[in-house]
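Close look at the chain arrangement
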Amino acid sequence: MTGTATRYLYLARHGEASADETTLTERGRRQASLLGERLRSTPLSAIHHGPLPRARQTAQLISAQLGDVPLHPSEPAGDYVPHLPAKEELPPDAADAMLGFLARVPAEERDRGPALAREALAEFTGPVDGDRPRHELVVTHNFLIGWLVRAALDAPEWRWMGLDHGNAALTVIRYAPGRPSSVLVHNDMRHLPSELRWTGFPPELHI
């Protein structure tokens, strides 16, 4: 009988994008390359990435630092709202602001998001078949990283909101057989010089 082994899921938000989000900025390209350099010693077996240009280009620049790790486009790794909370799910003092934010997200990202989020959980989380650990990278967007971290911590479904991630920051989750999932690293930017950190955050949240 085939056993199960540990999955190490590496999550990275895309590099800094241009104002129209059609490409990476020069800063974004540097961020992606530096993340690839950091991951050179990691035994990655695959790089999954969302279909939008900023995620695809980030994955390609990371891949250029890693040699023969295959790239896999993935719709569940895209940019969408993973869960649309009802008002009663949310903290009463923040519910109106949170729902107002979600109302500004394009309808397609809201309507298709929950189904894609379920696909992402099925595709990217949990132990893997076999007897060897698997290391995989998903280059994606802020919302999905928050959704997967929330799921790893068994937090309420609405709690993907409020988990923010810098461009090209690294998060790592471990899924070991017979053990709770564990967030090993979250929003780590130590591979980036100070001038490339905290992009993707409003200025008041720069630390």
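Refer to the structure above for everything that follows.
The structure contained in this document is the topic of the report that follows. (Residues numbered from 1 in each chain as written. Predicted model: local features only at pLDDT ≥ 70, side-chain atom pairs only at ≥ 80, totals over all residues. Heavy atoms only, no water.)

**Quick look at the sheet that holds strand S8 (residues 182–188)**
Working definition: the strands of a sheet are paired by backbone hydrogen bonds and lie parallel or antiparallel to each other. If you walk across this open sheet you meet the six strands as S4-S3-S6-S2-S7-S8, and the pairing is mixed. Every interior strand has two partners, whereas the edge strands, strand S4 (71–73) and S8, have only one. Recorded for the sheet is a direction-independent mean angle of 20° between the axes of neighbouring strands. With four bridges joining them, strand S3 (residues 46–49) and strand S6 (residues 134–140) adopt parallel strand pairing. (Pairing = 2+ DSSP bridges. Helix = DSSP H or I, 4+ residues; strand = E, 2+ residues; numbered from the N terminus. Axes fitted to C-alpha atoms, helices over the stretch in contact; angles between N-to-C directions.)

**A word on the packing of helix H1 (residues 26–38) against helix H2 (residues 53–64)**
The N-to-C vectors of H1 and H2 enclose an angle of 40°; their axes lie 7 Å apart at closest approach. As far as their axial angle goes, H2 and H1 are oblique. Between H1 and H2 the crossing geometry is right-handed. Between H1, through Arg29, Ala32, Ser33, Leu35 and Gly36, and H2, the contact on the second element is made entirely by Thr58, Leu61 and Ile62. The residue inventory of the contact of H1 with H2, partitioned by class, reads four nonpolar, three polar and one charged. (Parallel < 35°, antiparallel > 145°, perpendicular 65-115°, else oblique. Left-handed = near helix turned anticlockwise from the far one by under 90°. Contact = heavy atoms within 4.5 Å. Nonpolar A, V, L, I, M, F, W, Y, C, P; charged D, E, K, R; others polar.)

**Digging into the packing of aromatic side chains**
Per the counting criterion, the structure on display carries three aromatic pairs. Aromatic side chains Phe101 and Phe143 sit 6.1 Å apart centroid to centroid with 75° between the ring planes, which places their arrangement in the edge-to-face category. Of the two residues, Phe101 is situated in helix H3 (residues 95–103) and Phe143 in helix H6 (residues 142–152); the sequence distance between them amounts to 42 residues. Overall, the relative accessible area of 15% leaves Phe143 in the buried class. (Phe/Tyr/Trp six-rings, centres within 6.5 Å; stacked < 30°, edge-to-face > 60°. Buried < 20%, exposed > 50% of the residue type's maximum accessible area, 1.4 Å probe, protein only.)

**Structural notes on the environment of Tyr175**
Counting through the fold element by element, Tyr175 comes out in strand S7 (residues 170–175). Given the relative accessible area of 7%, Tyr175 is considered buried. Here Tyr175 is in contact with Ala5, Thr6, Arg7, Leu9, Phe124, Thr125, Gly126, Pro127 and Ser181, once residues within four sequence places are set aside.

**Structural notes on the nonpolar core**
Nonpolar side chains tend toward joint burial in soluble globular proteins. Counting 27 residues, the largest nonpolar core has Leu9, Leu11, Leu148, Trp160 and Ile173 as its most contacted members. Going through the elements one at a time, strand S2 (7–13), H3, helix H5 (113–124), H6 and S7 are the ones with two or more residues in this core. For this core, the element with the highest residue contribution is H6, accounting for seven residues. In contact with Leu148, other than residues within four places in its own chain, are Leu9, Leu11, Leu121, Thr125 and Ile173. If you look at the next biggest cluster of nonpolar residues, it comprises 15 residues, including Leu44, Ala59, Val139 and Leu170. (Core = buried A, V, L, I, M, F, W, Y, C linked by side-chain atoms within 4.5 Å.)

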